[in-house]
Every structure is written in structure tokens, then in C-alpha cells.
Amino acid sequence: ILVGGAALTPGFTRKRIVGSTHASYDLEADSIIPLAVWMRDEISRGLGIGEEKFCVDGDTASPHMDTDTTATDDVRKQVLGLRAHAIDQSFTTSLATFSVENLNTMIRELNAYGSNPSELIWIGAPAERTRLNTVVNAGNIPMVMGSSATQPAATITNGFVSNFLGIDYVMMQTFRRDLNASGWYDSTTGKTALLLVNTRRWILAYDNLTPTYETMRWPRTQQFEIVVAMRRDFRNVDASTEENVEYGINITV
């Protein structure tokens, strides 16, 4: 659920997420494309990636659960995100065997929070979305049949899973695929994971204003700078012991 600035639940403290880049006057003059426009679009894309990491990879513990996240101003250090919360509360299911039975276990673990598929989403990497194409049940029957009767958009024509077990799949391009078997990074790599989240129980709070774009030209250094900024907060609305997210871990890459 996205909540506008005028209707925030008490307790939200929005953090500023900023991206910036710069280039020389000469590069701008020599470019065959409108360089400033291209740079603005690319930095906006990066800001979107940062927002994803904010929600999924955030951890307020010191040190961060992922040992390669060390900078104090890293966007992943600003909130307690989905992965860290699930690890803290042991809301995890092993997907060492990537099967429909274990994926169904993730849904069962949510109990009441898993009762309405329209409130749930899977979050994972592009590769795990593709892997769902090959999942079979105990009778060795493919769970993804490639017909409009079983997929909102037929897999046979689109080439990917958009919905699995009645739950939409949200692809995160930068979902980590260098994790350990417990679901965090500690330089022991080779694993990835999959999240199952009740979207009504996690709120992304934001300003009503769109992200701000500012350009500054610096004659002394003959450079121009583009800065994009927005304010966000992300939090669980339930008690920490309420299981509204499940983390499927130990998926071999």
C-alpha cells in the first residue's frame, strides 16, 4: 500500500534518497544525443533500483546483515526491510528443493496473512521467475500450463511467469544471487532466495510531490551536475511477531 504524505500513519520518519551524477561541458557539447536528458533518465532508473533495495535489503542492525553493505549513507541501512525482518524473526522456509510443496509451505506459514492471494506478492530475481516455469506437482504435472486459464498472461506466449499459485510475481532486477544458505551475504555465495509478502501489512510512505530534479552548472570546473531526490519510509504495521512475510532461502543459483 502506498500512503501519501497527508495520510501517514504516526511513527513514519521519511528518509531522503538521493542520486547524483555529473559530466563536463565538453562531453555535453560533443554528445550526439541530448546528454542531460539521457543522464536524468538513467539516474531516475538508479533511484528506482535504490528504492527497491530500500524495501527489500534494508537492515538497521549494526553491522548490516550483508557484510558488504558498510557505507553509513547506504540506502540499505535506512530501514528494516523484508529480508532482514524475516531473518530476525526466523520467518524462513528452505527452498533447497524448489518444489510446489515447499512454495505452498511458504503460503501456509503466513496463516491468516496468506489467506487472500490478491494481497500477496512473490519477490525475486529474473532467474527465479523463469524457474517457476518448470515446477511440477507430486504427479509430475507442470504447475504452469501456458494457457490463459492458468496464467493471467499465457506463459506460452509471454515466456515468463506473471502469476504463480494465484499470487503475482514481482521481479527485482537486483535481487541478490550471491547469498549464503541462510539468506544473507557473508562472502559465502552460491545461493539466492524468494520473498512472499502480504502487501497490506507493509507500507511505503512517500511525499505527495514527485521526485525533484535539479541541475547545477559549475563554470569554474566546466561541469554540470544533476541531482534527483525523494523521501521515503517503509515499515511493517504489525507486531514484529506477526508473520506477514516469508523468506524462501537456500535456492541454488
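Please refer to the structure placed before this passage.
Residues numbered from 1 in each chain as written. Predicted model: local features only at pLDDT ≥ 70, side-chain atom pairs only at ≥ 80, totals over all residues. Heavy atoms only, no water.

Things to note about the nonpolar core
Step number 1: Counting 38 residues, the largest nonpolar core has L82, I123, F175, L195 and Y247 as the members making the most contacts within it.
Step number 2: Put simply, the parts of the chain that give this core at least two residues each are β2 (15–24), α2 (35–56), α3 (82–88), β4 (120–124), β7 (191–198), β8 (202–206), β10 (223–236) and β11 (245–252).
Step number 3: The element contributing the most residues to this core is α2, with 7 residues.
Step number 4: Judged by nonpolar contacts, the second largest core, of 18 residues, contains L95, M106, L120 and I167. (Core = buried A, V, L, I, M, F, W, Y, C linked by side-chain atoms within 4.5 Å. Buried < 20%, exposed > 50% of the residue type's maximum accessible area, 1.4 Å probe, protein only. Helix = DSSP H or I, 4+ residues; strand = E, 2+ residues; numbered from the N terminus.)

Examining the pairing of β11
Step number 1: Of all 8 residues in β11, 7 are buried; the element is thus mostly enclosed.
Step number 2: Bridge count between strand β3 (residues 92–94) and β11: 3 bridges; the pairing is parallel. Bridging across to β11, S94 finds its partner in I249.
Step number 3: By the bridge criterion, 6 bridges tie β7 to β11 in an arrangement that is antiparallel. (Pairing = 2+ DSSP bridges.)

Some words on the environment of D186
Step number 1: With respect to the helices and strands, D186 occurs in the loop between β6 (167–171) and β7.
Step number 2: Judged by its relative accessible area of 30%, D186 is partly exposed.
Step number 3: Considering only alpha carbons, one finds D186 and T67, 119 residues apart in sequence, at a separation of 5.5 Å.
Step number 4: Side-chain polar atoms of D186 contact the backbone nitrogen of T188, separated by 2.9 Å. (Polar contact = N/O pair within 3.5 Å; in protein donor to acceptor, adjacent residues only side chain to side chain.)

Side note on the sheet that holds β3
Step number 1: Taken together, 6 strands build an open sheet; the order of strands is β3-β11-β7-β4-β6-β5 and the sheet is mixed. The strands lining the two open edges of the sheet, one partner per strand, are β3 and β5 (163–164).

Re helix α4 (residues 100–109)
Step number 1: Regarding α4, the residues found buried are V100, L103, T105, M106 and I107.
Step number 2: In this fold, the buried residues of α4 make contact with β3, β4, β5, β6, β7 and β11.
Step number 3: Of the residues trailing α4, N111 is marked for its positive phi of about 55°. (Contact = heavy atoms within 4.5 Å.)

So, the side chain of R83
Step number 1: With respect to the helices and strands, R83 occurs in helix α3.
Step number 2: Of the polar contacts made by the side chain of R83, one reaches the side chain of D66; its length is 3.0 Å.
Step number 3: When sequence neighbours within four positions are dropped, the list of residues in contact with R83 reads V56, D57, M65, D66, R176, L179, G183, W184, Y185, L195 and Y247.

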